[in-house]
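So you can see what is in the structure, the chains are spelled out below.
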There are 2 protein chains.
Amino acid sequence: MLTRIDHIGIACHDLDATVEFYRTTYGFEVFHTEVNEEQGVREAMLKINETSDGGASYLQLLEPTREDSAVGKWLAKNGEGVHHIAFGTADVDGDAAEIRGKGVRVLYDEPRRGSMGSRITFLHPKDCHGVLTELVTSAAVESAEH
Amino acid sequence: MLTRIDHIGIACHDLDATVEFYRTTYGFEVFHTEVNEEQGVREAMLKINETSDGGASYLQLLEPTREDSAVGKWLAKNGEGVHHIAFGTADVDGDAAEIRGKGVRVLYDEPRRGSMGSRITFLHPKDCHGVLTELVTSAAVESAEH
């Protein structure tokens, strides 16, 4: 069951400049940064608020580390902007299986590693009215359950 | 000060079909619907979670009521997808003035009426790394303060 807006993923050409824009314009600070070589991105998470399910909502700023990554190709086509949205769940495996059973294409056979040790998968935007949609189970929730 | 992700605005061709997709795929229910003739949209708000500032985060599904509305023109160019993101604040007037002072174009001289009696303004996407960004003060927050 999806219980929060976990993050909004925003693709940018220059992560440092975009982080600086969000800091100086709104006062949003960087909560976490990492490089995800599998996804081909360098990213910064800006925590905006906590959520009623015990999680939080972030902006995820994404700079491609290579042009042939999914985000790199998306940026070349679309320019900077909102790349995907992500919903938080305590059970990404179960929810992905249930949603796949409803005929929505799930992009990974098994969830992969996302930000901050989370486990993630994506739903095909053409099956979601044009919205690339991510499902996330955060590391903290997994630790609490096991 | 912006204290939450208030909503993600998603443009669609057929509001009823898109509402049905979100209900059957994820179990998200409609919290509120309205027509905003000034914005030229018919919309449904789906409440996803509550937030640590006393507000909530929604998906806002938007169907244009006329082709020459901002959302209608955007849809014709881009197809369905994420149209804008919105941050919640207790003081949209003050924050808009402060952000304008930093050189970011604010699209309205004065905030206008948004969903559920809120007061809203927008920031120019070209000044925000490609993201059309809305600032929202909800009616509930205003009532509590006055």
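Under an unreviewed UniProt entry, the name given to chain A is Methylmalonyl-CoA epimerase, and the organism recorded is Streptomyces spiralis. Quoted verbatim from the Sequence similarities (unreviewed entry) heading of the UniProt record, the comment on chain A is "Belongs to the methylmalonyl-CoA epimerase family."

1. Overview of the relation of the copies chain A and chain B
The operation relating chain A to chain B is a screw motion whose rotation component is 180 degrees, with 0.0 Å of axial translation and a residual RMSD of 0.0 Å. Such a turn and shift between the copies fits a two-fold axis. No C-alpha of chain A lies nearer the rotation axis than that of Thr51(A), which sits 2.3 Å from it. Both copies present the same face, since 100% of the interface residues in chain A are matched by interface residues at the equivalent positions in chain B.

2. Topic: the UniProt feature "domain: VOC" (unreviewed entry) in chain A
Annotation from UniProt places "domain: VOC" (unreviewed entry) at residues 4-138 of chain A. Here residues 4-138 of chain A runs as 23% helix and 41% strand, with 12 Å between its end C-alpha atoms.

3. Here we look at the sheet that holds strand β5 (residues 81-89) of chain B
All names here are of chain B. Spatial strand order, β2-β3-β4-β1-β5-β8-β7-β6: eight strands in an open sheet with mixed pairing. For this open sheet the edge positions go to β2 (30-36) and β6 (112-113), each flanked by a neighbour on one side alone. The strands that helix α1 (residues 15-26) touches are β1 (2-11), β2, β3 (41-50) and β4 (56-64); relative to β4, the one it contacts most, it runs at about 150 degrees.

4. Section: the environment of Leu15(B)
Residue and element names in this part refer to chain B. Take Leu 15: it is sitting in helix α1. Residues Leu 15 and Leu 62, spaced 47 residues apart in sequence, show a C-alpha to C-alpha distance of 6.7 Å. Excluding anything up to four places from it in sequence, Leu 15 contacts Arg 42, Glu 43, Ala 44, Leu 61, Leu 62 and Glu 63.

5. Overview of the interface of chain A and chain B
Contacts between the two partners involve 37 residues from chain A, matched on the other side by 37 residues from chain B. For the chain A and chain B pair, buried surface summed over both sides reaches about 3,100 Å², with 68% attributable to carbon and sulfur atoms. Across the contact surface, chain A and chain B share twelve residue pairs in polar contact (both at pLDDT 80 or more). Grouping the amino acids of the side of chain A that touches chain B by side-chain chemistry returns 20 nonpolar, twelve polar and five charged.

6. Topic: the sheet that holds strand β3 (residues 41-50) of chain A
Residues and elements named next belong to chain A. Spatial ordering of the open sheet is given by β2-β3-β4-β1-β5-β8-β7-β6, a layout of eight strands whose pairing is mixed. Across the chains shown, the open sheet's two edge strands, defined by having one partner strand only, are β2 (30-36) and β6 (112-113). The pairing of strand β1 (residues 2-11) with strand β4 (residues 56-64) spans five bridges and is classified as parallel. Note that in β4 the partner of Gly 9 across the bridge is Gln 60. Contacting β1, β2, β3 and β4, helix α1 (residues 15-26) crosses the sheet at an angle of about 150 degrees to β4.

7. Some points on the packing of aromatic side chains
Applying the stated criterion across every chain yields a total of 16 aromatic pairs over all chains. Taking 5.3 Å as the distance between ring centres and 35 degrees as the angle between the ring planes, the aromatic pair formed by Tyr26(A) and Phe28(A) counts as tilted. As far as the burial class goes, Tyr26(A) and Phe28(A) line up, both buried. A centroid spacing of 5.5 Å and a plane angle of 55 degrees characterise the contact between Phe31(B) and Tyr58(B), whose relative ring orientation is tilted. Of the two residues, Phe31(B) sits in strand β2 while Tyr58(B) sits in strand β4, which places them 27 residues apart along the sequence. The class for Tyr58(B) is buried, based on a relative accessible area of 9%. Over the face of the ring belonging to Tyr108(A) we find Arg112(A), whose NZ or CZ atom lies 3.8 Å from the ring centre.

Procedures and definitions
- Residues numbered from 1 in each chain as written.
- Chains lettered and ligands numbered in written order.
- Predicted model: local features only at pLDDT ≥ 70, side-chain atom pairs only at ≥ 80, totals over all residues.
- Heavy atoms only, no water.
- UniProt positions renumbered as here; feature names shortened; annotations may be inferred.
- Least-squares fit on C-alpha atoms with pLDDT ≥ 70 in both.
- Contact = heavy atoms within 4.5 Å.
- Helix = DSSP H or I, 4+ residues; strand = E, 2+ residues; numbered from the N terminus.
- Pairing = 2+ DSSP bridges.
- Axes fitted to C-alpha atoms, helices over the stretch in contact; angles between N-to-C directions.
- Buried area = accessible area lost by both parts, 1.4 Å probe.
- Polar contact = N/O pair within 3.5 Å; in protein donor to acceptor, adjacent residues only side chain to side chain.
- Nonpolar A, V, L, I, M, F, W, Y, C, P; charged D, E, K, R; others polar.
- Phe/Tyr/Trp six-rings, centres within 6.5 Å; stacked < 30°, edge-to-face > 60°.
- Buried < 20%, exposed > 50% of the residue type's maximum accessible area, 1.4 Å probe, protein only.
- Lys NZ or Arg CZ within 6 Å of the ring centre and 35° of its normal.

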